[in-house]
Amino acid sequence: MEEVIGPRLYCCSNCRNHVALHDDVISKAFQGKSGRAFLFGHALNVSVGAREDRELMTGLHSVADVYCSDCHEVLGWKYERAYEESQKYKEGKFVLEKAKIVRENF
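All of the points below concern the structure found in this document. Here the structure is a predicted model, which is why all the values come from computation and not from measurement. Residue indices follow the written sequence of each chain, beginning from 1 at its first position. Reporting of local features is limited, given that this is a predicted model, to residues whose pLDDT is at least 70; pairs of side-chain atoms are given and counted only at 80 or more, and all residues count toward the totals for whole chains, interfaces and linings. The side-chain values count all of the structure's non-hydrogen atoms but skip hydrogen atoms and water molecules.

1. Looking at the nonpolar core
Link 1 in the chain: Among the nonpolar cores identified, the biggest contains twelve residues, and these are Tyr10, Cys12, Val19, Ala20, Phe38, Phe40, Val66, Cys68, Leu75, Phe94, Leu96 and Ile101.
Link 2 in the chain: A run of DSSP states H or I qualifies as a helix once it reaches four residues; a run of E qualifies as a strand once it reaches two. Both are numbered from the N-terminal end. Residue assignment for this core shows that the elements contributing at least two residues are β1 (9–12), β2 (18–21), β4 (35–40), β6 (59–68) and β8 (94–97).
Link 3 in the chain: Leaving out residues up to four positions away in the same chain, Val66 has contacts with Val46, Ser47, Glu73, Val74, Leu75, Gly76, Trp77, Lys78, Phe94 and Leu96.
Link 4 in the chain: Take the buried Ala, Val, Leu, Ile, Met, Phe, Trp, Tyr and Cys residues and link them wherever side-chain atoms come within 4.5 Å; each set so joined is a nonpolar core. Under the scheme applied here, a residue whose accessible area is under 20% of the maximum for its type counts as buried, over 50% as exposed, and between as partly exposed, the area being computed with a 1.4 Å probe on protein chains only. Grouped together as the second largest cluster of nonpolar side chains are seven residues, Ala37, Leu39, Val63 and Val95 included. Contact definition: two residues touch when any of their heavy atoms are within 4.5 Å.

Here's what the structure looks like:
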């Protein structure tokens, strides 16, 4: 009998709270504060902090830190606004740092 496996997920590395679906990965070629990061179209079980302007590698963006809703660990950030036209595709999307998430059901 085959084992039924659920969707491929990413979880908070601190408490294992489900924070994103693998199907929502847009890019694995992003850079976070602690190294590699993934760009997601959606995130779940997270809270979004206050919005602030930050100078990132690709220019000035308005971003908000993203926290695990269970343990409150900072997992990455959400792009609220991109000031450069070429970066507008990031608006409303989430960057989660690879060091802060773990895979489940892969």
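Following the structure, the description resumes.
2. So, the sheet that holds β8
Link 1 in the chain: Think of it this way: DSSP has to see at least two bridges between two strands before they count as a pair. One open sheet accounts for six strands, arranged β3-β4-β8-β7-β6-β5; its pairing is antiparallel. The sheet is open, and its two borders are formed by β3 (25–32) and β5 (46–56), each paired with just one other strand. Across the sheet, the axes of successive neighbouring strands diverge by a mean angle of 30 degrees, strand direction being ignored.
Link 2 in the chain: Direction of pairing for β5 relative to β6: antiparallel, over a ladder of nine bridges. Its bridge partner lying in β6, Val46 is registered against Cys68. To get an axis, a line is fitted to the C-alpha atoms, and for a helix only the part in contact is used. The angle between two axes follows their N-to-C directions and goes from 0 to 180 degrees.

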